[in-house]
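Now for the letters of each chain:
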Amino acid sequence: MAEKEKPKDEIWLIRKALSRPNYAIMTLLLQKSPRTTREIYSVLEKKFTRKTLIITLRELSLDLNVIQPTHIRTEKGYGLGYRLNPKLKQVIKGVQKFSKILESVREA
């Protein structure tokens, strides 16, 4: 069976980028960037499966260009890591601010 493609509206890309695992990785990289894949796995392994994190890293780096792969110096040489696209830092901070505003309006 072929999967039906859902119609896309003006904010479909925002919804895709702000899914739970995507947003978790983005906020993690907002705190400290770059991070190795091992660091990302160790911090988020209790919230998401390894498979979900692998798919999410692939989607964020290849499909959305939200995170950028980079080489990170480790004790054993160089490893693969990710850093947040500089253009997205303000977007994530804006989303966090918008969320706080919505919470305050909801509670009022």
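Our subject is the structure that appears above.
Residues numbered from 1 in each chain as written. Predicted model: local features only at pLDDT ≥ 70, side-chain atom pairs only at ≥ 80, totals over all residues. Heavy atoms only, no water.

Enquirer: How would you sum up unusual backbone geometry? Please name residues and give values.
Expert: Put simply, Ser 33 and Pro 34 share a cis peptide bond, and its omega is 0°. For Pro 34, the location among the structural elements is in the loop between helix 2 (20–31) and strand 1 (35–36). Even without glycine at this site, Asn 65 takes up a positive phi of about 55°. Tracing the sequence through the fold places Asn 65 in the loop between helix 4 (50–63) and strand 2 (67–74). (Helix = DSSP H or I, 4+ residues; strand = E, 2+ residues; numbered from the N terminus.)

Enquirer: Explain the packing of helix 3 (residues 37–44) against helix 4 residue by residue, including any values.
Expert: Remark: helix 3 packs on helix 4, axes separated minimally by 11 Å, with the N-to-C direction vectors making an angle of 135°. One finds that helix 3 runs oblique with respect to helix 4. Like other packed secondary-structure pairs, helix 3 and helix 4 cross with a definite hand, here right-handed. Together, Thr 37, Ile 40, Tyr 41 and Leu 44 of helix 3 and Arg 50, Leu 53, Ile 54 and Leu 57 of helix 4 make up the contact between the two elements. In terms of residue class, the contact of helix 3 with helix 4 is made up of six nonpolar, one polar and one charged. (Axes fitted to C-alpha atoms, helices over the stretch in contact; angles between N-to-C directions. Parallel < 35°, antiparallel > 145°, perpendicular 65-115°, else oblique. Left-handed = near helix turned anticlockwise from the far one by under 90°. Contact = heavy atoms within 4.5 Å. Nonpolar A, V, L, I, M, F, W, Y, C, P; charged D, E, K, R; others polar.)

Enquirer: Before we move on, can you summarise the packing of aromatic side chains with the specific residues and values?
Expert: Within the structure shown, the criterion is met by zero aromatic pairs. Against the face of Trp 12 rests Lys 8, its NZ or CZ located 4.2 Å from the ring centre. Looking at Arg 73, its charged tip hangs above the ring of Tyr 78, at a distance of 5.2 Å from the centre. (Phe/Tyr/Trp six-rings, centres within 6.5 Å; stacked < 30°, edge-to-face > 60°. Lys NZ or Arg CZ within 6 Å of the ring centre and 35° of its normal.)

Enquirer: Help me get a handle on the sheet that holds strand 2, residues and values and all.
Expert: With antiparallel pairing, the three strands of this open sheet are ordered in space as 1-3-2. Every interior strand has two partners, whereas the edge strands, strand 1 and strand 2, have only one. Relative to strand 3 (residues 77–84), strand 1 runs antiparallel, the two being bridged by two bridges. Bridged to Thr 36 within strand 3 is Gly 81. (Pairing = 2+ DSSP bridges.)

Enquirer: Account for the pattern of salt bridges, with residues named and values stated.
Expert: Per the counting criterion, the structure on display carries four salt bridges. Residue Arg 58 is joined to Asp 63 by a salt bridge in which the shortest nitrogen-to-oxygen separation is 3.8 Å. Its relative accessible area of 48% is what places Arg 58 among the partly exposed residues. Arg 106 is the partner of Glu 103 in a salt bridge, and the nearest nitrogen-oxygen pair spans 3.6 Å. In this pair, Glu 103 and Arg 106 both sit in helix 5 (residues 86–107), three residues apart, roughly one turn of the helix. (Salt bridge = Lys/Arg side-chain N within 4 Å of Asp/Glu carboxyl O. Buried < 20%, exposed > 50% of the residue type's maximum accessible area, 1.4 Å probe, protein only.)

Enquirer: Talk me through the pairing of strand 2; I want residue IDs and the actual numbers.
Expert: As defined by bridge partners, strand 2 adjoins strand 3 across eight bridges and the pair is classed as antiparallel. Bridge assignment links Thr 70 to a residue of strand 3, and that residue is Gly 81. Hairpin connection from strand 2 to strand 3: two residues lie between these consecutive antiparallel strands.

Enquirer: Kindly report on the nonpolar core, identifying the contributing residues and their values.
Expert: Most often, soluble globular proteins have nonpolar side chains that are buried together. Ile 25, Ile 40, Leu 44 and Ile 67 are the most contacted members of the largest nonpolar core, which totals 19 residues. Listing elements by their share of this core, those giving two or more residues are helix 2, helix 3, helix 4 and strand 3. Non-local contacts of Ile 25, meaning those with residues more than four positions away in its chain, are made with Ile 40, Leu 44, Leu 53, Thr 56, Leu 57 and Leu 60. (Core = buried A, V, L, I, M, F, W, Y, C linked by side-chain atoms within 4.5 Å.)

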